[in-house]
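Structure at a glance
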There are 2 protein chains.
Amino acid sequence: MALIVQKFGGSSVANAERVKNVAKIVCDTYKEGNDVVVVVSAQGDTTDDLISEAKVINPKAPKRELDQLLAAGEQISISLLAMAIESLGYPVISLLGWQAGFNTNSVYGSARIKNIRPNRLQAELAKRNIVVVAGFQGINRYDDITTLGRGGSDTSAVAIAAALHADKCQIFTDVEGVYTADPRKVEGAKKLKEITYDEMLELATLGAQVLNNRSVEMAKKYSIKLEVLSSLNPIPGTIVKEVAKMEKMLIRGVTNDTDVALVSILGVQDNPGVAFKVFAKLSQKQINVDIILQSFGRNSTKDIVFSVSKENGPVAVELLKELDVLDGAEIVCDTSVAKVSIVGAGMESHPGTATKMFEALYDRGINIKMISTSEIKISVIIDADEAERAVSAVHSAFIPND
Amino acid sequence: MALIVQKFGGSSVANAERVKNVAKIVCDTYKEGNDVVVVVSAQGDTTDDLISEAKVINPKAPKRELDQLLAAGEQISISLLAMAIESLGYPVISLLGWQAGFNTNSVYGSARIKNIRPNRLQAELAKRNIVVVAGFQGINRYDDITTLGRGGSDTSAVAIAAALHADKCQIFTDVEGVYTADPRKVEGAKKLKEITYDEMLELATLGAQVLNNRSVEMAKKYSIKLEVLSSLNPIPGTIVKEVAKMEKMLIRGVTNDTDVALVSILGVQDNPGVAFKVFAKLSQKQINVDIILQSFGRNSTKDIVFSVSKENGPVAVELLKELDVLDGAEIVCDTSVAKVSIVGAGMESHPGTATKMFEALYDRGINIKMISTSEIKISVIIDADEAERAVSAVHSAFIPND
């Protein structure tokens, strides 16, 4: 007998039929003698629909009230799922975030979990109830409802797994696991049996939107074994843990992140502190900079190029135009770029990995604008038009075809 | 400056436009220097829609989970209304039932309010916030969400008015006040300026669905001055209080209740205790009996006739068939009846009131099947087909035409 936390996203509970399907998966797990805590998101497009309704009434709605509104979404899905489980003949109770003991800070819209008081959860499990918990939500010290931001239900599930010392946290999605590349776009993309937390983190950061990053970080911190699997076809998925078998692959996956903009500052006077002033200005406004490139230009000037999210590209340009030290420099933003990356804990011991990636791109005539490397990742910025071709090229260079 | 509680029903907040309309009424009241607490129901058909969704998943859904589900309805309406008020530039906060301190018993689906801890409400009013409270909901001692049953938001509003010693509790509906008869059906129906609690209670019981009965009882108990008025045309409505001016009318109103069934037990052997056994059986199954008539039949048998709600008619027949003492009796149910009533505190001192009512019916050739009287009410059971004609006849006999 084990304690298993299962998390189902909005598409898994989008309608009555899917809610019943989820109920069956949960009851099958319970029937095997396990204690089960289920975390669910709001049904289908509920959250987006509620946000649209709010915008009609008040385009700048107070964030506290938005959280109060959005939390109703999971309230609906947990009670419906509990009803479905009850109709299969199993003991069940649904709990809202605050009933399940989720205490958060007060940053409405993207609150952080401070702690979970597990008393109620433990009491319900002791009664042999299946416990259905509303993901994405908690309360702050004022007893006001907060939400954890997009993907927050993954974090809720991992946090419960940590608080209850669960044996496993299963994240059910609409894909069958973590793949070496997007299987809808890349022929030969393979499902991974295992992957490390760090690799998963890099994949998530790089745009493989299977698991929310905060949830993986938390799983790593508390050594929670995660499994990513499909709610529509519940065969074994991908296990995320500290050490993963390499399965004869040098890399875990190839990703394509199109949410990238390149900002170029050309012809900066080469004075000390310019770079510092540029990035201090951006960080004051909470703009995250990813890859940075600095090079010498003509006539003792230099060029600074960096990548940010697409949304932040034009914002960054406007901010930088305010800086005196950049007077005379040309500041431009290019949003037609993409970041293609390979991820794998194995690559650090294989010096030829980068070369192999660049060669694959060169063979297809794809021009690299920028390069960034970490211990388990190599990213290149290229033209957005060429991104899908680049992913295929790199994937077939690294992932063996069976 | 006064403290005013305003309650808006589901149709008053059915869509974005109406939510904004309610926000305007609330802000106008606040602008005049009043403290305002607003109680709202779920939007439009939300509650019915949620119940339908639940039925698809589990026709016998646990009541605790139904309450958990339904409470999401007011959660949506309070946050949207708060956003609308904020967009008009006024300070506002929305509170769920539990946040507003509503403690109830544990009868899911029709919980009773035990008390209101007013700390949070008072603190928000002290900050000069407009406070928007979710009607219809509270929590029990286990921290589980309960609902107060249909019309519960009226009760929530009056309970807050009592807890905060409010100066007035305004119930906004889609009619302009309490009328002497249904103005859509009876020509010459008049809006009352004032009415007593007791008269209002009788009118509500008799099918004039303006105010929930429990809310009027509570208003009477705590002497809360109620006002019934329209959210679409906010002119002065009807005041409900302890003593009301009579406005030269003998009666306050004529009502037509079609939710009536007549159950007849014909040819019962005249043994002692038969009536007791009949009504004990019904009360065991929570079936409320309204009017009872017992008469002698042929051959030392007797007939017992009583009225119940339409839904309970066939149920009562089945239950009574199980009783040995009724062996040989014929038990039938007639659902094509209606109850027409007149209500008015003045009638007790006017012995001719009943005669005048019966005469009005006799003049139109309407046959009376049963009669029931109390100090401030006279009811007759007649054929459902004749009910509307009867209401008009009685109304024009009692209410002076201007």
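As the structure is a computational prediction, the values presented were derived from the model and not from experiment.

So, on to helix α2 (residues 46-57) of chain A. Look at α2(A): 17 Å from first C-alpha to last across 12 residues, which is about the 16 Å you get at 1.5 Å a residue. Here α2(A) has its buried residues at T46(A), T47(A), L50(A), A54(A) and I57(A). Around the axis of α2(A), the buried residues are gathered within 95° of arc, so they sit on the same side. In α2(A), the exposed residues that point more than 90 degrees away from the buried face are K55(A) and V56(A). Against α3 (63-87) of chain A together with α1 (16-31) and α3 (63-87) of chain B lie the buried residues of α2(A).

This brings us to the sheet that holds strand β18 (residues 377-383) of chain A. Residue and element names in this part refer to chain A. Read from one edge of the open sheet, six strands run β14-β15-β13-β16-β18-β17, paired in antiparallel fashion. Only two strands of the sheet have a single neighbouring strand rather than two, namely β14 (292-296) and β17 (370-374). For this sheet the average axis-to-axis angle between neighbouring strands, irrespective of direction, equals 25°. Strand direction decides the pairing type here: β17 and β18, joined by five bridges, are antiparallel. Looking at the pairing, M370 lines up with I381 of β18. Along the sheet, helix α9 (residues 312-321) contacts β13 (253-269), β15 (301-308) and β16 (330-343); its crossing angle with β16, the most-contacted strand, is approximately 140°. Contacts between helix α10 (residues 353-363) and the sheet are confined to β16, β17 and β18, with β18 contributing the most and set at about 20° to the helix.

What follows is about the interface of chain B and chain A. Chain B puts 43 residues into the contact, and the matching count from chain A is 43 residues. Of the roughly 3300 Å² buried where chain B meets chain A, counting both sides, 61% is carbon and sulfur surface. Three residues stand out in chain B for area buried against chain A, namely I57(B), M83(B) and W98(B), and they jointly supply 21% of the buried area on that side. Across the chain B-chain A interface, the total number found is two salt bridges.

To continue, consider the relation of the copies chain B and chain A. Superposing chain B onto chain A takes a rotation of 179° plus a shift of 0.0 Å along the axis, which leaves an RMSD of 0.3 Å. Seen this way, the second copy is the image of the first under a two-fold rotation axis. For chain B, the minimum C-alpha distance to the rotation axis belongs to A72(B) and amounts to 2.6 Å. In this assembly, 100% of the residues forming the interface of chain B have copies in chain A that are likewise at the interface, indicating an isologous arrangement.

With that settled, the discussion passes to the environment of N129(B). Residues and elements named next belong to chain B. Positionally, N129 belongs in the loop between α4 (119-126) and β6 (130-134). N129 has contacts with V36, P91, V92, I93 and E124, leaving out every residue within four places of it along the chain. Within the structure, the side chain of N129 is placed 3.4 Å from the backbone nitrogen of V92, a separation counted as a polar contact. A polar contact of 2.9 Å, which involves the side chain of N129, links it to the side chain of E124.

To continue, consider the nonpolar core. Side chains of nonpolar character tend, in soluble globular proteins, to be buried together. In this structure, L81(A), I85(A), I130(A), L81(B), I85(B) and I130(B) are the most contacted members of the largest nonpolar core, which totals 80 residues. When near neighbours in sequence (up to four residues on either side) are disregarded, I130(A) contacts V26(A), C27(A), Y30(A), V36(A), V38(A), I85(A), Y90(A), P91(A), V92(A) and I93(A).

The next thing to look at is unusual backbone geometry. A positive phi angle, close to 65°, is found at R128(A), a residue other than glycine. Residue position: R128(A) is located in the loop between α4 (119-126) and β6 (130-134). By relative accessible area, which is 30% here, R128(A) ends up partly exposed. Phi at S223(B) is positive, roughly 50°, even though this residue is not glycine. Here S223(B) is to be found in the loop between α7 (213-221) and β11 (226-230).

The subject of this paragraph is the packing of aromatic side chains. Residue and element names in this part refer to chain A. Scanning the entire structure with this criterion turns up seven aromatic pairs over all chains. Relative to Y90, the ring of Y30 lies with its centre 5.7 Å away and its plane at 80°, an arrangement referred to as edge-to-face. Of this pair, Y30 sits in helix α1 (residues 16-31) while Y90 is found in the loop between α3 and β3 (92-95), placing the two residues 60 residues apart along the sequence. Residue classification places Y30 among the buried positions, given a relative accessible area of 9%.

This part covers the sheet that holds strand β2 (residues 35-40) of chain B. All names here are of chain B. An order of β3-β6-β2-β1-β9-β11-β12-β10 is seen for the eight strands of this open sheet, with the pairing classed as mixed. Unpaired on one side and paired on the other, β3 (92-95) and β10 (194-196) mark the two borders of the sheet. The average undirected angle you get between the axes of adjacent strands in this sheet is 20°. Where β10 and strand β12 (residues 238-241) come together, three bridges link them in parallel fashion. For I195, the partnering residue across the bridge sits in β12 and is V240. Packed on one face of the sheet, α3 meets β2, β3 and β6 and runs near 165° to β6.

What follows deals with the environment of D324(A). Here D324(A) lies in the loop between α9 and β16. For the pair D324(A) and S11(A), spaced 313 residues apart in sequence, the C-alpha to C-alpha distance is 50 Å.

Turning our eyes to something else, we now look at the pattern of salt bridges. In the structure shown here, the tally under the stated rule is 40 salt bridges over all chains. When the shortest N-O distance is used, the salt bridge between E202(A) and K377(A) registers 3.8 Å. Separated by 175 residues along the polypeptide, E202(A) in helix α6 (residues 197-205) and K377(A) in strand β18 bring together distant segments of the chain. Among the residues examined, E202(A) registers a relative accessible area of 16% and is labelled buried. Notably, a salt bridge pairs D383(B) with K369(B), separated by 3.5 Å at the nearest N-O pair. Within this pair, whereas D383(B) is found in strand β18 (residues 377-383), its partner K369(B) is found in the loop between α10 (353-363) and β17 (370-374), the two being separated by 14 residues in sequence. Taken together, the salt bridges that share partners define one network made up of R64(A), E65(A), D144(A), R120(B), E124(B) and K127(B).

Rules of the game
- Residues numbered from 1 in each chain as written.
- Chains lettered and ligands numbered in written order.
- Predicted model: local features only at pLDDT ≥ 70, side-chain atom pairs only at ≥ 80, totals over all residues.
- Heavy atoms only, no water.
- Helix = DSSP H or I, 4+ residues; strand = E, 2+ residues; numbered from the N terminus.
- Expected span 1.5 Å × (residues − 1).
- Buried < 20%, exposed > 50% of the residue type's maximum accessible area, 1.4 Å probe, protein only.
- Arc of directions from axis to C-beta.
- Contact = heavy atoms within 4.5 Å.
- Pairing = 2+ DSSP bridges.
- Axes fitted to C-alpha atoms, helices over the stretch in contact; angles between N-to-C directions.
- Buried area = accessible area lost by both parts, 1.4 Å probe.
- Salt bridge = Lys/Arg side-chain N within 4 Å of Asp/Glu carboxyl O.
- Least-squares fit on C-alpha atoms with pLDDT ≥ 70 in both.
- Polar contact = N/O pair within 3.5 Å; in protein donor to acceptor, adjacent residues only side chain to side chain.
- Core = buried A, V, L, I, M, F, W, Y, C linked by side-chain atoms within 4.5 Å.
- Phe/Tyr/Trp six-rings, centres within 6.5 Å; stacked < 30°, edge-to-face > 60°.

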